[in-house]
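If you want the building blocks of each chain, they are given just below.
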Amino acid sequence: MTTSSRDMNDRAQRHPEKAHRPDTPILKKPDWIRVKAPSSDGYQKTRAIMRDNRLVTVCEEAGCPNVGECWSQGHATMMIMGEICTRGCTFCNVATGRPDALDAFEPARVAVAVEKLGLNHVVITSVDRDDLGDGGAEHIAQTIRAVRRKNPATTIEVLTPDFLRCGPDALEVVVAAKPDVFNHNLETVPGLYPEVRPGARYFHSLRLLQRVKELDPTMFTKSGIMVGLGEDRQAVTQVMDDMRAADVDFLTIGQYLQPTPKHHVVSRFVTPEEFASYEKAAFGKGFLMVSATPLTRSSYHAGADFARLRAARLAKLGQA
(Lines give C-alpha, C1' and ligand atoms only; values in the text may rest on other atoms or scores of the structure.)
Protein backbone atom coordinates (compact mmCIF):
# COMPACT_ATOMS: atom_id res chain seq x y z
CA MET A 1 0.00 0.00 0.00
CA THR A 2 1.51 3.36 -1.00
CA THR A 3 1.26 6.62 0.89
CA SER A 4 -1.39 7.95 -1.49
CA SER A 5 -3.68 4.95 -0.93
CA ARG A 6 -3.58 5.04 2.88
CA ASP A 7 -5.99 6.91 5.08
CA MET A 8 -3.68 8.47 7.68
CA ASN A 9 -6.65 9.32 9.88
CA ASP A 10 -7.50 5.62 10.22
CA ARG A 11 -5.48 4.22 13.16
CA ALA A 12 -5.50 0.71 11.69
CA GLN A 13 -3.89 1.99 8.47
CA ARG A 14 -1.60 4.52 10.12
CA HIS A 15 -0.32 2.10 12.75
CA PRO A 16 -0.97 -1.47 11.56
CA GLU A 17 1.64 -2.80 13.98
CA LYS A 18 -0.38 -1.45 16.91
CA ALA A 19 -3.77 -2.80 15.81
CA HIS A 20 -3.53 -5.83 18.13
CA ARG A 21 -2.61 -3.75 21.18
CA PRO A 22 -5.35 -3.25 23.77
CA ASP A 23 -6.69 0.26 24.22
CA THR A 24 -5.42 2.08 27.30
CA PRO A 25 -7.05 5.19 28.77
CA ILE A 26 -5.44 8.52 27.92
CA LEU A 27 -4.86 10.47 31.12
CA LYS A 28 -6.17 14.01 31.41
CA LYS A 29 -3.35 16.49 30.93
CA PRO A 30 -2.46 18.73 33.86
CA ASP A 31 -2.76 22.49 33.48
CA TRP A 32 0.97 22.98 32.94
CA ILE A 33 1.02 21.19 29.57
CA ARG A 34 -2.16 22.46 27.98
CA VAL A 35 -1.71 24.56 24.85
CA LYS A 36 -3.97 26.67 22.65
CA ALA A 37 -5.22 25.39 19.30
CA PRO A 38 -3.20 26.89 16.40
CA SER A 39 -4.98 29.73 14.58
CA SER A 40 -2.64 32.69 13.98
CA ASP A 41 -1.86 34.27 10.61
CA GLY A 42 1.77 33.16 11.02
CA TYR A 43 0.62 29.58 11.51
CA GLN A 44 -1.47 29.72 8.33
CA LYS A 45 1.43 31.23 6.35
CA THR A 46 3.83 28.51 7.49
CA ARG A 47 1.28 25.83 6.70
CA ALA A 48 0.80 27.25 3.20
CA ILE A 49 4.55 27.22 2.51
CA MET A 50 4.77 23.59 3.61
CA ARG A 51 1.84 22.63 1.37
CA ASP A 52 3.07 24.64 -1.63
CA ASN A 53 6.44 22.88 -1.48
CA ARG A 54 4.85 19.46 -0.82
CA LEU A 55 6.81 18.99 2.39
CA VAL A 56 6.07 16.83 5.41
CA THR A 57 6.71 18.13 8.92
CA VAL A 58 7.28 16.15 12.08
CA CYS A 59 5.28 18.89 13.83
CA GLU A 60 2.11 17.53 12.23
CA GLU A 61 2.99 13.85 11.80
CA ALA A 62 4.06 13.39 15.41
CA GLY A 63 1.28 15.58 16.78
CA CYS A 64 3.63 18.03 18.52
CA PRO A 65 1.84 20.17 21.12
CA ASN A 66 4.01 23.19 20.21
CA VAL A 67 2.98 23.42 16.56
CA GLY A 68 0.83 26.50 17.09
CA GLU A 69 3.57 28.46 18.83
CA CYS A 70 6.38 27.41 16.50
CA TRP A 71 4.50 27.81 13.23
CA SER A 72 3.19 31.22 14.26
CA GLN A 73 6.87 32.27 14.26
CA GLY A 74 7.61 30.54 10.95
CA HIS A 75 9.56 27.70 12.61
CA ALA A 76 8.78 24.27 11.15
CA THR A 77 10.78 21.04 11.40
CA MET A 78 11.03 19.40 7.99
CA MET A 79 10.63 15.61 7.92
CA ILE A 80 12.27 14.22 4.82
CA MET A 81 12.21 10.84 3.04
CA GLY A 82 8.43 10.50 3.24
CA GLU A 83 5.80 10.25 5.95
CA ILE A 84 5.97 6.47 6.52
CA CYS A 85 8.56 4.99 8.88
CA THR A 86 9.91 1.44 8.77
CA ARG A 87 9.97 1.30 12.58
CA GLY A 88 7.04 0.88 14.97
CA CYS A 89 8.06 2.57 18.23
CA THR A 90 5.21 2.37 20.72
CA PHE A 91 5.42 6.08 21.65
CA CYS A 92 5.47 7.51 18.13
CA ASN A 93 2.57 8.82 16.05
CA VAL A 94 4.42 8.78 12.72
CA ALA A 95 2.84 6.21 10.39
CA THR A 96 4.48 2.79 10.06
CA GLY A 97 4.78 0.64 6.94
CA ARG A 98 6.58 0.36 3.62
CA PRO A 99 7.69 3.82 2.44
CA ASP A 100 7.55 5.14 -1.10
CA ALA A 101 10.68 5.72 -3.18
CA LEU A 102 12.83 8.72 -2.31
CA ASP A 103 12.00 11.99 -4.06
CA ALA A 104 15.15 13.31 -5.75
CA PHE A 105 13.71 16.83 -5.84
CA GLU A 106 12.92 16.99 -2.13
CA PRO A 107 16.26 18.52 -1.02
CA ALA A 108 15.72 21.48 -3.37
CA ARG A 109 12.15 21.97 -2.12
CA VAL A 110 13.38 22.01 1.49
CA ALA A 111 15.95 24.65 0.56
CA VAL A 112 13.25 26.80 -1.07
CA ALA A 113 10.99 26.49 1.98
CA VAL A 114 13.82 27.52 4.31
CA GLU A 115 14.37 30.61 2.16
CA LYS A 116 10.65 31.51 2.07
CA LEU A 117 10.34 31.08 5.85
CA GLY A 118 13.44 33.22 6.38
CA LEU A 119 14.92 30.74 8.84
CA ASN A 120 18.17 31.54 10.62
CA HIS A 121 18.24 27.97 11.96
CA VAL A 122 16.48 24.93 10.49
CA VAL A 123 15.88 21.48 11.94
CA ILE A 124 15.65 18.63 9.43
CA THR A 125 14.54 15.23 10.63
CA SER A 126 13.44 12.05 8.87
CA VAL A 127 11.64 8.78 9.19
CA ASP A 128 13.68 5.61 9.60
CA ARG A 129 14.40 4.05 6.21
CA ASP A 130 15.57 0.51 6.92
CA ASP A 131 14.54 -0.34 3.34
CA LEU A 132 17.52 1.64 2.00
CA GLY A 133 21.06 0.34 1.99
CA ASP A 134 22.45 3.54 3.52
CA GLY A 135 19.40 4.28 5.68
CA GLY A 136 18.89 7.48 3.68
CA ALA A 137 22.25 8.99 4.65
CA GLU A 138 23.02 10.33 1.17
CA HIS A 139 19.56 11.92 0.89
CA ILE A 140 20.09 13.66 4.24
CA ALA A 141 23.51 14.88 3.07
CA GLN A 142 22.03 16.16 -0.20
CA THR A 143 19.40 18.07 1.75
CA ILE A 144 22.04 19.67 3.98
CA ARG A 145 24.03 20.75 0.91
CA ALA A 146 20.95 22.07 -0.91
CA VAL A 147 19.87 24.16 2.08
CA ARG A 148 23.37 25.54 2.53
CA ARG A 149 23.74 26.50 -1.14
CA LYS A 150 20.49 28.49 -1.12
CA ASN A 151 20.72 29.74 2.49
CA PRO A 152 24.43 30.12 3.34
CA ALA A 153 23.74 32.05 6.55
CA THR A 154 21.27 29.49 7.93
CA THR A 155 22.58 27.07 10.54
CA ILE A 156 21.46 23.48 10.04
CA GLU A 157 20.49 20.89 12.62
CA VAL A 158 19.75 17.30 11.59
CA LEU A 159 17.83 14.82 13.71
CA THR A 160 18.83 11.49 12.21
CA PRO A 161 17.82 7.85 12.31
CA ASP A 162 20.18 5.39 14.01
CA PHE A 163 21.49 3.74 10.79
CA LEU A 164 21.34 0.46 12.71
CA ARG A 165 21.27 -1.76 9.63
CA CYS A 166 23.90 0.16 7.67
CA GLY A 167 27.66 0.13 7.42
CA PRO A 168 29.74 2.75 9.28
CA ASP A 169 30.06 4.84 6.12
CA ALA A 170 26.41 5.93 6.37
CA LEU A 171 27.12 8.09 9.39
CA GLU A 172 30.31 9.36 7.76
CA VAL A 173 28.32 10.62 4.77
CA VAL A 174 26.07 12.75 7.01
CA VAL A 175 28.91 14.12 9.12
CA ALA A 176 30.90 14.99 5.98
CA ALA A 177 28.01 17.23 4.87
CA LYS A 178 28.80 19.40 7.92
CA PRO A 179 25.52 20.07 9.71
CA ASP A 180 26.01 22.54 12.53
CA VAL A 181 24.23 20.23 14.99
CA PHE A 182 23.98 16.45 14.80
CA ASN A 183 21.00 15.26 16.85
CA HIS A 184 19.99 11.68 17.50
CA ASN A 185 17.54 10.97 20.30
CA LEU A 186 17.98 8.11 22.75
CA GLU A 187 14.25 8.63 23.50
CA THR A 188 14.12 6.66 26.77
CA VAL A 189 16.18 4.77 29.35
CA PRO A 190 17.76 1.45 28.28
CA GLY A 191 15.48 -0.70 30.42
CA LEU A 192 12.43 0.47 28.48
CA TYR A 193 13.89 -0.09 24.98
CA PRO A 194 12.32 -3.56 24.41
CA GLU A 195 8.86 -2.13 25.05
CA VAL A 196 9.15 1.48 23.86
CA ARG A 197 11.73 1.35 21.06
CA PRO A 198 11.85 -2.32 20.03
CA GLY A 199 13.55 -1.77 16.65
CA ALA A 200 16.47 0.15 18.14
CA ARG A 201 19.44 -0.56 20.40
CA TYR A 202 20.39 1.82 23.21
CA PHE A 203 24.15 1.32 23.08
CA HIS A 204 24.21 1.51 19.29
CA SER A 205 22.51 4.93 19.46
CA LEU A 206 24.91 6.04 22.18
CA ARG A 207 27.89 4.89 20.12
CA LEU A 208 26.52 6.74 17.07
CA LEU A 209 26.67 10.02 18.99
CA GLN A 210 30.17 9.23 20.22
CA ARG A 211 31.37 8.49 16.67
CA VAL A 212 30.15 11.87 15.44
CA LYS A 213 32.60 13.52 17.82
CA GLU A 214 35.37 11.17 16.71
CA LEU A 215 34.72 12.07 13.07
CA ASP A 216 34.40 15.81 13.72
CA PRO A 217 35.26 17.03 17.24
CA THR A 218 33.97 20.54 16.39
CA MET A 219 30.42 19.39 15.56
CA PHE A 220 27.77 19.99 18.20
CA THR A 221 25.92 16.84 19.27
CA LYS A 222 22.49 16.71 20.81
CA SER A 223 20.19 14.02 22.16
CA GLY A 224 16.94 13.81 24.06
CA ILE A 225 14.70 11.58 26.10
CA MET A 226 11.06 11.58 27.16
CA VAL A 227 9.93 11.05 30.73
CA GLY A 228 6.64 9.68 31.96
CA LEU A 229 7.12 6.34 30.19
CA GLY A 230 7.82 4.36 33.36
CA GLU A 231 11.44 5.30 34.08
CA ASP A 232 12.77 6.35 37.48
CA ARG A 233 15.13 9.17 38.38
CA GLN A 234 18.16 6.93 38.78
CA ALA A 235 17.74 5.61 35.23
CA VAL A 236 17.45 9.17 33.88
CA THR A 237 20.61 10.33 35.60
CA GLN A 238 22.41 7.25 34.28
CA VAL A 239 21.41 8.24 30.75
CA MET A 240 22.85 11.69 31.44
CA ASP A 241 26.13 10.10 32.49
CA ASP A 242 26.15 7.88 29.40
CA MET A 243 25.58 10.89 27.15
CA ARG A 244 28.37 12.87 28.79
CA ALA A 245 30.71 9.89 28.39
CA ALA A 246 29.86 10.10 24.66
CA ASP A 247 30.63 13.86 24.79
CA VAL A 248 27.07 14.95 23.96
CA ASP A 249 26.77 18.75 24.22
CA PHE A 250 23.03 19.36 24.40
CA LEU A 251 20.36 17.41 26.29
CA THR A 252 16.59 17.75 25.91
CA ILE A 253 14.05 16.20 28.29
CA GLY A 254 10.29 16.46 27.72
CA GLN A 255 7.05 14.90 28.90
CA TYR A 256 5.76 11.93 26.89
CA LEU A 257 2.20 12.45 25.66
CA GLN A 258 0.17 9.47 24.48
CA PRO A 259 -1.04 10.04 20.88
CA THR A 260 -3.83 7.39 20.83
CA PRO A 261 -5.19 4.63 23.11
CA LYS A 262 -3.07 2.14 21.11
CA HIS A 263 0.20 3.84 22.03
CA HIS A 264 2.36 3.36 25.11
CA VAL A 265 0.56 4.54 28.21
CA VAL A 266 1.66 7.62 30.15
CA SER A 267 2.85 6.33 33.52
CA ARG A 268 2.63 9.78 35.09
CA PHE A 269 2.95 13.50 34.39
CA VAL A 270 6.29 14.78 35.64
CA THR A 271 5.99 18.09 37.46
CA PRO A 272 7.72 21.32 36.38
CA GLU A 273 9.70 21.18 39.62
CA GLU A 274 11.07 17.74 38.70
CA PHE A 275 12.05 19.02 35.26
CA ALA A 276 13.90 21.92 36.88
CA SER A 277 15.72 19.42 39.06
CA TYR A 278 16.72 17.38 36.00
CA GLU A 279 17.99 20.53 34.30
CA LYS A 280 20.11 21.47 37.31
CA ALA A 281 21.56 17.95 37.51
CA ALA A 282 22.37 17.90 33.79
CA PHE A 283 24.20 21.23 33.86
CA GLY A 284 26.10 19.89 36.87
CA LYS A 285 27.27 16.94 34.77
CA GLY A 286 28.79 19.25 32.15
CA PHE A 287 26.26 19.63 29.32
CA LEU A 288 26.75 22.92 27.48
CA MET A 289 23.01 23.30 26.97
CA VAL A 290 19.97 21.70 28.61
CA SER A 291 16.27 22.10 27.87
CA ALA A 292 14.11 20.24 30.37
CA THR A 293 10.45 21.28 30.57
CA PRO A 294 7.15 19.44 30.12
CA LEU A 295 6.75 20.82 26.57
CA THR A 296 10.37 20.44 25.50
CA ARG A 297 10.80 18.67 22.17
CA SER A 298 13.95 18.18 20.08
CA SER A 299 13.31 21.17 17.85
CA TYR A 300 11.44 23.41 20.31
CA HIS A 301 13.17 26.83 20.39
CA ALA A 302 16.04 25.16 18.52
CA GLY A 303 17.34 28.39 16.96
CA ALA A 304 17.56 30.32 20.23
CA ASP A 305 18.97 27.26 21.98
CA PHE A 306 21.65 26.89 19.30
CA ALA A 307 22.79 30.47 19.90
CA ARG A 308 23.08 29.72 23.62
CA LEU A 309 24.87 26.44 22.87
CA ARG A 310 27.46 28.20 20.73
CA ALA A 311 27.93 30.93 23.36
CA ALA A 312 28.39 28.30 26.06
CA ARG A 313 31.17 26.62 24.10
CA LEU A 314 32.96 29.93 23.53
CA ALA A 315 32.65 30.75 27.23
CA LYS A 316 34.09 27.35 28.13
CA LEU A 317 36.99 27.97 25.77
CA GLY A 318 37.53 31.44 27.26
CA GLN A 319 36.60 33.22 24.02
CA ALA A 320 33.32 34.83 25.09
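Quick caveat: nothing in here was measured; it's all calculated off a predicted structure.

Draft legend 1. Structural detail: the overall build of the protein. Check the secondary structure of the protein and you find twelve helices and nine strands. A fraction of 77% describes how many contacts in the protein between residues 6 or more apart in sequence connect residues 24 or more apart. For the protein, the computed accessible surface area is about 14100 Å², with 53% contributed by carbon and sulfur atoms.

Draft legend 2. Up close: the packing of helix 10 (residues 233-245) against helix 11 (residues 272-284). In the contact formed by helix 10 and helix 11, the axes pass within 11 Å of each other and the chain directions differ by 35 degrees. Handedness of the crossing formed by helix 10 with helix 11: right-handed. Within the contact between the two elements, helix 10 uses Arg-233, Val-236 and Met-240 and helix 11 uses Glu-274, Ser-277, Tyr-278, Ala-281 and Ala-282. For the contact of helix 10 with helix 11, the per-class residue count stands at five nonpolar, one polar and two charged.

Draft legend 3. Fine view of the environment of Cys-166. As for its placement among the helices and strands, Cys-166 is situated in the loop between strand 5 (155-159) and helix 7 (169-176). Between the C-alpha atoms of Cys-166 and Gly-136, which are 30 residues apart in sequence, the distance is 9.7 Å. Ignoring sequence-local partners within four residues, the contact set of Cys-166 consists of Gly-133, Asp-134 and Gly-135.

Draft legend 4. How the structure looks around the sheet that holds strand 5. Taken in spatial order, the seven strands of this open sheet run 1-4-5-6-7-8-9, and their pairing is parallel. On the outer flanks of this sheet lie strand 1 (78-80) and strand 9 (289-292), each paired with one strand and no other. Geometrically, the sheet is characterised by an average inter-axis angle of 20 degrees between neighbouring strands, direction not taken into account. As defined by bridge partners, strand 7 (residues 220-227) adjoins strand 8 (residues 250-255) across six bridges and the pair is classed as parallel. Opposite Lys-222, over in strand 8, you have Phe-250 as the bridge partner. In the packing of helix 6 (residues 137-150) onto the sheet, contacts are made with strand 1, strand 4 (121-126) and strand 5, and the angle to strand 5 comes to roughly 165 degrees.

Here is what the cut-offs are and how they apply
- Residues numbered from 1 in each chain as written.
- Predicted model: local features only at pLDDT ≥ 70, side-chain atom pairs only at ≥ 80, totals over all residues.
- Heavy atoms only, no water.
- Helix = DSSP H or I, 4+ residues; strand = E, 2+ residues; numbered from the N terminus.
- Contact = heavy atoms within 4.5 Å.
- Areas by Shrake-Rupley, 256 points an atom, 1.4 Å probe, with all protein chains shown as cover.
- Axes fitted to C-alpha atoms, helices over the stretch in contact; angles between N-to-C directions.
- Left-handed = near helix turned anticlockwise from the far one by under 90°.
- Nonpolar A, V, L, I, M, F, W, Y, C, P; charged D, E, K, R; others polar.
- Pairing = 2+ DSSP bridges.

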